[in-house]
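# Structure at a glance
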Amino acid sequence: MSDIFNERVMCSKCGKEMTKRVFERDGFKLRGWQCECCGKRILHPADEEKYKDFKRIKNKIFKVKLRMVGNSYAVSIPKEVISFMREQERLASRIVKLCIEEAKKLALIFNEFDEAK
Ligand SMILES: [Zn+2]
């Protein structure tokens, strides 16, 4: 089955062909089309669904335990989070970056395939 993103999309207002674009919302990338004439935007339906999933998972608090493993501590990241990250970032590496963002806030940064080192 061919993806709708390969199709030509016409603006219903202007009747002109719309340009393929990648829009960004909250760091989330969505494919879509934009009319150069009137600025109208259409989002790829599959990406719009994924964005809805993202909104559901965003800011959700997961309570996880800190475990001692050798000289380090480990936390279990819920499967739901990993599946989401994998899908969005096409995560290929098992290496993530970790940094203290605020005094009580630790961030995990999932790399995109080409920067995963
Ligand atoms: Zn238009």
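This section reports on the structure supplied with the text. (Residues numbered from 1 in each chain as written. Predicted model: local features only at pLDDT ≥ 70, side-chain atom pairs only at ≥ 80, totals over all residues.)

Moving on, we get to the overall build of the protein chain. Looking only at helices and strands, one finds 2 helices and 7 strands in the protein chain. Listed by position from the N terminus, the elements making up the protein chain come as β-β-β-α-β-β-α-β-β. Within the protein chain, the proportion of its 117 residues that are buried is 3%. Nonlocal contacts in the protein chain, meaning residues at least 24 apart in sequence, comprise 23% of its contacts between residues at least 6 apart. (Helix = DSSP H or I, 4+ residues; strand = E, 2+ residues; numbered from the N terminus. Buried ≥ 20, exposed ≤ 12 C-beta atoms within 10 Å, placed from the backbone. Contact = placed C-beta atoms within 7 Å.)

So, about the pairing of strand S1 (residues 19–25). The buried count for S1 comes to 0 of 7 residues, which makes it a mostly uncovered element. Joining the antiparallel neighbours S1 and strand S2 (residues 28–34) is a turn of 2 residues, in which Asp-26 adopts a positive phi near 50°. (Pairing = 2+ DSSP bridges.)

Here Met-85 lies in helix H2 (residues 79–89). For Met-85, a count of 16 C-beta atoms within 10 Å gives the class partly exposed. C-alpha separation for the pair Met-85 and Phe-110, spaced 25 residues apart in sequence, amounts to 7.3 Å.

Glycine aside, a negative phi is what most residues show, and trans is what most peptide bonds show. Unlike most non-glycine residues, Asp-26 shows phi in positive territory, near 50°. Its location among the elements puts Asp-26 in the loop between S1 and S2. Using a count of 8 C-beta atoms within 10 Å as the deciding quantity, one classes Asp-26 as exposed.

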